[in-house]
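A look at the structure
For reference, the chains in residue letters:
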Amino acid sequence: MYEFADRLKNIPPYLFAEIEEKVSKKKAEGIDIIDFGIGDPDLPTPKLITDEIKKQLDDPQNHQYSTSAGERETRVAVADWYKTRFGVDVDPDKEVVILLGSKEGLANFARAFANPGDKVLCPDPAYPVYSLGAAMLCDAQPEYVKTYAEDGFLPKLDSLPQDAKMLYVNFPNNPTGATAPESYLKDLLKWGADTNTIVCYDNAYSEMTYDDYIAPSILEFGKDAIEFGSFSKTFNMTGYRIGYAVGNERLIAGLKKVKSQTDSGAPKFLQKAAVTALKTYTSSKRPSIVQDCVDIYCERRNIFVDGLNELGIKAKKPKGTFYLFVDVQSDSLEFAEKMLNAGIVVTPGTGYGEAGQGFVRIALTQSKDRISEALERMRKIL
């Protein structure tokens, strides 16, 4: 019998795989499913990006290996974008690395700095990659930091352990939609420096914000951190698997070294398209190809939140991401099961940690008509 490695045995059952199996059974039974479970944009990749990919596919050189750090042209484009978008000066040769999606970078970063047994601080609730893909698969010890709605889902810095190797944070936040004020980010950087804890800042949703809120980069307040970004949500490019990490030269060097042993870089033709996407930013203001999508998600957010409140479920309008994290005043799994029986998929909050109990996450990845249909189904069963 082939035995899994202990580090893999320690990974708990994947809740989302169980949900997918239940959804498949419902579909096989002929039930119309409205799926708010997965955080995958339903809006198309902008045409100027797909056109660029088609164009670059005709160049034979774009079918050869890239470098694991990413093509210099792409790194320069990321550096230019940081200057345009955040006002941050970045060295494309020392402070930028191109990723196979930010998820890969988040997990591989721990391999560069976490030793077996090291503490890795992971908010709860949070994206599971921090604790499972990063900490546990590197034989590090995830230490869960519970966060609560009354605190804006912000980890309390004065109560965090001071002997950890790194801390993962994510604002705007998946799954909660929470945002962090600039004063908090400044305090976070100071806390990291004072405790010698690496701050890993997941900024994948920086461009998906509403109500005049503009998300900052943590690097605006200092470079003693590493920040991860993605083309997935900003440009509807989830399946393309391309992202970037920017920040402290030493931290980037460690991630580059890991990647040099594990991959050969994102395809060149995709990197060319990524450059085209970034160049649509001519100022800190979102270009139309991004803003138009944000406007659609904002309208969906308003319809869904207003509808839930009419049903007696108190929901708030997040300033960031395309998720609603809703307190359903009942067991998360039981509520999700009830919804699934009505042909509606929501994600139990417990899939993101113990502190997610009583919540469900709703991804705004369905049309207005489907949202209205889901609200009508909910009206009948609640």
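Treat the numbers as computed from the prediction; the structure is a model and nothing was measured. (Residues numbered from 1 in each chain as written. Predicted model: local features only at pLDDT ≥ 70, side-chain atom pairs only at ≥ 80, totals over all residues. Heavy atoms only, no water.)

Brief notes about the packing of helix H10 (residues 288-310) against helix H12 (residues 368-381)
- At a closest axis distance of 10 Å, the pairing of H10 and H12 adopts a crossing angle of 10 degrees. The orientation of H10 relative to H12 falls into the category roughly parallel. Contacts between H10 and H12 involve Glu 299, Arg 300, Ile 303, Phe 304, Gly 307, Leu 308 and Glu 310 on the former and, on the latter, Lys 368, Ile 371, Ser 372, Leu 375, Met 378 and Arg 379.
- For the contact of H10 with H12, a count of residues per class yields six nonpolar, two polar and five charged. (Axes fitted to C-alpha atoms, helices over the stretch in contact; angles between N-to-C directions. Helix = DSSP H or I, 4+ residues; strand = E, 2+ residues; numbered from the N terminus. Parallel < 35°, antiparallel > 145°, perpendicular 65-115°, else oblique. Contact = heavy atoms within 4.5 Å. Nonpolar A, V, L, I, M, F, W, Y, C, P; charged D, E, K, R; others polar.)

What to know about the domain arrangement of the chain
- One can read the domain layout of the chain as domain 1 (14-45 + 287-380) and domain 2 (47-280).
- Of note, the centres of domain 1 and domain 2, computed from C-alpha atoms alone, are 25 Å apart.
- Counting residues at the interface gives 30 residues for domain 1, matched by 35 residues for domain 2.
- Buried surface at the junction of domain 1 and domain 2, summed over both partners, amounts to about 2700 Å²; 63% is from carbon and sulfur atoms.
- Among the residues domain 1 hides against domain 2, the three largest losses belong to Thr 45, Lys 319 and Thr 321. Together they make up 26% of the total.
- The interface formed by domain 1 and domain 2 contains two salt bridges.
- Secondary structure elements with two or more residues in the side of domain 1 that touches domain 2: H10, strand E9 (323-327) and strand E12 (359-363).
- Sorting elements by how many residues they give to the side of domain 1 that touches domain 2 places H10 first, with seven residues.
- Here the side of domain 1 that touches domain 2 is built from residues that sort into 18 nonpolar, seven polar and five charged. (Domains from an automatic or database assignment. Buried area = accessible area lost by both parts, 1.4 Å probe. Salt bridge = Lys/Arg side-chain N within 4 Å of Asp/Glu carboxyl O.)

As for the packing of aromatic side chains
- One pass over the structure, following the stated rule, counts 21 aromatic pairs.
- Ring geometry for Phe 109 and Phe 228: centres 6.0 Å apart, planes at 75 degrees, overall edge-to-face. Taken together, the residues span a long stretch of sequence, with Phe 109 in helix H5 (residues 102-113) and Phe 228 in strand E7 (residues 226-230) at a distance of 119 residues. Each member of the pair, Phe 109 together with Phe 228, is buried.
- Grouped by ring-pair contacts, the aromatic residues Trp 81, Tyr 82, Phe 86, Phe 231, Phe 235, Tyr 244 and Tyr 281 constitute a single cluster. (Phe/Tyr/Trp six-rings, centres within 6.5 Å; stacked < 30°, edge-to-face > 60°. Buried < 20%, exposed > 50% of the residue type's maximum accessible area, 1.4 Å probe, protein only.)

Some points on helix H7 (residues 182-195)
- End to end, H7 covers 20 Å across 14 residues, agreeing with the expected 20 Å (1.5 Å per residue, within 8%).
- Considered for burial, the residues of H7 that qualify are Tyr 184, Leu 185, Leu 188, Leu 189, Trp 191, Gly 192 and Thr 195. Looking straight down H7, one finds its buried side chains confined to an arc of 160 degrees; they lie on one side. Residues of H7 that are exposed and angled more than 90 degrees away from the buried face: Lys 190 and Asp 194. (Expected span 1.5 Å × (residues − 1). Arc of directions from axis to C-beta.)

Regarding unusual backbone geometry
- With an omega dihedral of 5 degrees, the bond running from Asp 124 to Pro 125 counts as a cis peptide bond.
- Within the secondary structure, Pro 125 sits in the loop between strand E3 (119-124) and helix H6 (129-135).
- Of note, the amide linkage connecting Asn 174 to Pro 175 takes the cis form, showing an omega dihedral of 20 degrees.
- With phi around 55 degrees, Arg 241 is a residue other than glycine that occupies positive phi space.

With respect to the side chain of Lys 259
- Inspection of the secondary structure puts Lys 259 in helix H8 (residues 249-260).
- We classify Lys 259 as buried; its relative accessible area is 0%.
- Within polar-contact distance, the side chain of Lys 259 engages the side chain of Glu 104 at 3.1 Å.
- Ignoring sequence-local partners within four residues, the contact set of Lys 259 consists of Ser 68, Val 97, Ile 98, Leu 99, Leu 100 and Glu 104. (Polar contact = N/O pair within 3.5 Å; in protein donor to acceptor, adjacent residues only side chain to side chain.)

Concerning the pairing of E12
- Burial runs high along E12: five of the five residues are buried.
- Direction of pairing for E9 relative to E12: antiparallel, over a ladder of five bridges. Residue Leu 324 lies in a different strand from E12, and its bridge partner there is Ile 362.
- Sheet topology note: the strand E11 (residues 347-348)/E12 ladder contains two bridges and is antiparallel. Bridge pairing links Thr 347 to Arg 361 in E12. (Pairing = 2+ DSSP bridges.)

Remarks on the nonpolar core
- Tyr 82, Phe 304 and Leu 308 are the most contacted members of the largest nonpolar core, which has 87 residues in total.
- Tallying contributions element by element places H10 first for this core, with eight residues.
- Two domains each donate at least three residues to this core, and these are domain 1 (14-45 + 287-380) and domain 2 (47-280).
- Sequence-distant contacts of Leu 308, that is, excluding residues within four places in its chain, are made with Ile 313, Ala 315, Leu 324, Val 326, Ile 362, Leu 375 and Met 378.
- The next biggest cluster of nonpolar side chains, apart from the first, holds 28 residues, and it includes Ala 69, Phe 113, Ala 126 and Ala 140. (Core = buried A, V, L, I, M, F, W, Y, C linked by side-chain atoms within 4.5 Å.)

Here we look at the UniProt feature "domain: Aminotransferase class I/classII large" (unreviewed entry) in the chain
- Residues annotated by UniProt as "domain: Aminotransferase class I/classII large" (unreviewed entry) correspond here to residues 32-377.
- With 36% helix and 15% strand, residues 32-377 has its two end C-alpha atoms placed 11 Å apart. (UniProt positions renumbered as here; feature names shortened; annotations may be inferred.)

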